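Overview (structure and organization)
The chain contents come next:
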Amino acid sequence: MDRGARTEPTALFPVKHPPGHFVEVDGQRLHILARGSGPTIVLCGGLGSNWFDWQDTVEILSARHRVVVIDRPGFGLSDPLPAGATPTVKGEADRIIGVLDELDVTEPAVVVGHSIAGFYAEAVARLYPSRIRGVLLLDSSAESDPRRVIPAAVRVKTAHMIATALSRTGLQTLAGPRVRRVLNQATPPDGTPQETFDWVDDIYRRPTYLAAALVEDVVYSDLAVELTRLRKKSRLDVPVIVAAAHTGRPSPWAKRWIRTQRRLAVKLRADFTILMPAHHHAMIDKPAEVAALITELV
């Protein structure tokens, strides 16, 4: 049995029939979705992502692989981001390894990082090369010259103040799920199930979710700087695929984004591919194509 994997939910919000289970890593209770058996694949979503964003991809991959989706603190059904905590690249890499340890995974795993989690996926491969067999960077964040002007402590404090204000005024409850629909344009091939809509209505209204999302957003530049420093000190010796999402509609922004993703692939000596037509959350509207790329790394 998985060590520590069957603890009952005790979060601030009651959870009925969570789709996954809970593990504790460094004192933090995390919700993970684990399916299937075989070579292990870890899926890490982008800013504000939840386990259900990977639903179709998990279904495809779990037929032949062990697939693990991790909700970072404050997201999904994981416990809130601890007071005063600030996400770091190393911290998130350590968290991935901590989950693998809790699940008794000893063989090297493939790690997928979507958007900002591309930082974490690359970092875990650099920091723990013996634990990782390959990395897919899915429409990953990419910064060639990250800069910081306002101190991180000020940005994080401001993020908490904004989250508190939006929650107390009721704006988050009113607009949370609608914001999700505006920011996430992807649609599953067979449509979005009602269960996903129900979870969105629940999770996107939680003050702890909003706080976690805003905090991770405001420390983006710090994460980029940390990864840049890590690249200078460590090697990336596993196969890497950089997959860029493109809607197929021509625009200056789209061309610039593809160039950015291609440069990231060159920097990391990675294979490069374009998923088209696909939105930023390509694992939602192109699950089969994303699963095929992951399988290449396995």
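Residues numbered from 1 in each chain as written. Predicted model: local features only at pLDDT ≥ 70, side-chain atom pairs only at ≥ 80, totals over all residues. Heavy atoms only, no water.

Focus: the overall build of the chain
The cut-off we apply is this: Segments assigned H or I by DSSP are reported as helices when at least four residues long, segments assigned E as strands when at least two residues long, and all are numbered from the N terminus. For a compact globule the rule gives 2.2 Å times the number of residues to the power 0.38, and the radius of gyration it is set against comes from C-alpha atoms. For the exposure calls, accessible area comes from a 1.4 Å probe over protein chains only, and a residue counts as buried if that area is under 20% of its type's maximum, exposed if over 50%, partly exposed in between. Two residues qualify as a contact provided that any one of their heavy atoms is within 4.5 Å of a heavy atom in the partner residue. Positive charges come from Lys and Arg, negative ones from Asp and Glu, while His and the chain ends are left out of the count. By convention, the point assigned to a charge is CZ for Arg, NZ for Lys, CD for Glu and CG for Asp.
In terms of regular secondary structure, the chain is built from 11 helices and eight strands. Relative to the globule expectation of 19 Å for 298 residues, the C-alpha radius of gyration of the chain, 18 Å, shows essentially globular dimensions. By principal-axis analysis of the C-alpha atoms, the chain measures approximately 50 × 45 × 40 Å. Out of the 298 residues belonging to the chain, those deemed buried represent 53%. Summarising the internal contacts of the chain: among those between residues at least 6 apart in sequence, 78% fall at separations of at least 24. Of the side-chain charges in the chain, 37 are positive and 33 negative, and the distance between the mean point of each set is 7 Å.

Section: the sheet that holds strand β3 (residues 40-44)
As a reminder of what qualifies: DSSP bridges decide pairing: two strands pair if at least two such bridges lie between them. Helix axes are fitted only over the stretch in contact, all axes being lines through C-alpha atoms; the angle between N-to-C directions runs from 0 to 180 degrees.
Taken in spatial order, the eight strands make up an open sheet running β1-β2-β4-β3-β5-β6-β7-β8, and their pairing is mixed. Both outer strands of the open sheet, β1 (21-25) and β8 (271-275), are each paired with one neighbouring strand and no more. Adjacent strand axes in the sheet meet at a mean angle of 25 degrees, parallel and antiparallel pairs treated alike. Looking at chain direction, β3 and strand β4 (residues 66-70) are connected through five bridges and run parallel. Residue pairing for β4: Ile41 is matched across the bridge by Val67. Lying on the sheet, helix α9 (residues 252-268) is in contact with β6 (132-138), β7 (240-245) and β8; it crosses β7 at an angle near 180 degrees. Packing of helix α11 (residues 287-297) onto the sheet brings it into contact with β3, β5 (109-114), β6, β7 and β8, and relative to β6 it is tilted by some 155 degrees.

Quick word on unusual backbone geometry
Across the junction of Met276 and Pro277, the peptide omega takes the value -5 degrees, indicating a cis bond. Mapped onto the elements, Pro277 comes out in the loop between β8 and α10 (282-285). Even without a glycine there, the phi angle at Ser115 is positive, about 55 degrees. Along the polypeptide, Ser115 turns up in the loop between β5 and α3 (117-127). You can call Ser115 buried: its relative accessible area is 12%. Even without being a glycine, Asp139 presents a positive backbone phi close to 45 degrees. Secondary-structure assignment places Asp139 in the loop between β6 and α4 (152-168).

A few points about helix α8 (residues 220-233)
Let me state the cut-off plainly: A helix is expected to span 1.5 Å for every residue after the first.
Here α8 contains 14 residues, and its C-alpha end-to-end distance of 20 Å stays within 8% of the 20 Å for a straight helix at 1.5 Å per residue. Here the buried face of α8 lies against α2 (89-102), α3, α4, α7 (207-218) and α9.

Describing the packing of α4 against α7
Inclusion rule: By the definition adopted for this analysis, an angle is roughly parallel if under 35 degrees, roughly antiparallel if over 145, roughly perpendicular if from 65 to 115, and oblique otherwise. A clockwise turn of the near helix away from the far one marks a right-handed crossing, whereas an anticlockwise turn of less than a right angle marks a left-handed crossing.
Contact pair α4 / α7: the axes reach a minimum separation of 9 Å and the direction vectors enclose 150 degrees. Taken together, the axis directions place α4 and α7 in an arrangement best described as roughly antiparallel. Where α4 crosses over α7, the two elements pack in a sense that is right-handed. Across from Arg155, Val156, Ala159, His160, Ile162, Ala163, Leu166 and Ser167 in α4, the residues of α7 making contact are Pro207, Leu210, Ala211, Leu214, Val215 and Val218.

Some details on the nonpolar core
Grouped burial of nonpolar side chains is what soluble globular proteins tend to show. The criterion, for reference: Definition used in this section: a nonpolar core is a set of buried Ala, Val, Leu, Ile, Met, Phe, Trp, Tyr and Cys residues joined via side-chain atoms within 4.5 Å.
With 86 residues, the main nonpolar core has Leu43, Val99, Leu136 and Ile294 as its most contacted residues. Look past the residues within four positions of Leu136 in its chain and what remains in contact with it is Val111, Val112, Gly113, Ile241, Ala243, Val290, Leu293, Ile294 and Leu297.

Some details on the packing of aromatic side chains
Formally: Ring pairs are drawn from Phe, Tyr and Trp, using the six-membered ring of Trp, whenever the two centres fall within 6.5 Å, and their geometry is named by plane angle: stacked under 30 degrees, edge-to-face over 60, tilted for the rest.
Enumeration according to the criterion identifies six aromatic pairs in this entry. A centroid spacing of 5.0 Å and a plane angle of 80 degrees characterise the contact between Trp51 and Trp199, whose relative ring orientation is edge-to-face. Here Trp51, found in the loop between β3 and α1 (55-61), pairs with Trp199, found in helix α6 (residues 194-203); they are 148 residues apart in sequence, far enough to count as distant. Of the two residues, Trp51 and Trp199, both sit in the buried class. A centroid spacing of 5.6 Å and a plane angle of 65 degrees characterise the contact between Phe75 and Tyr209, whose relative ring orientation is edge-to-face.

Some details on helix α5 (residues 171-183)
Over its 13 residues, α5 runs 17 Å from end to end, which matches the ideal 18 Å to within 8%, given 1.5 Å per residue. Within the span of α5, buried status applies to Gln172, Gly176, Pro177 and Arg180. Contacts made by the buried residues of α5 are with α4, α6, α7 and α10.

Let's talk about the pattern of salt bridges
Spelled out, the test is: The rule for a salt bridge is simple: a side-chain nitrogen of Lys or Arg has to be within 4 Å of a carboxyl oxygen of Asp or Glu.
Considering all chains together, one arrives at 13 salt bridges under this definition. Here Asp53 makes a salt bridge to Arg180, at a shortest N to O gap of 2.8 Å. With Asp53 in the loop between β3 and α1 and Arg180 in helix α5, the pair connects residues that are 127 residues apart, well separated along the chain. Take Asp53: its relative accessible area is 3%, and that puts it in the buried class. Residues Arg72 and Glu216 are paired through a salt bridge, measuring 3.1 Å at the closest nitrogen-oxygen approach. Residue Arg72 is found in the loop between β4 and α2, and its partner Glu216 is found in helix α7; the two are separated by 144 residues along the sequence. By sharing partners, the salt bridges in this structure join Glu122, Arg126 and Arg231 into a single network.

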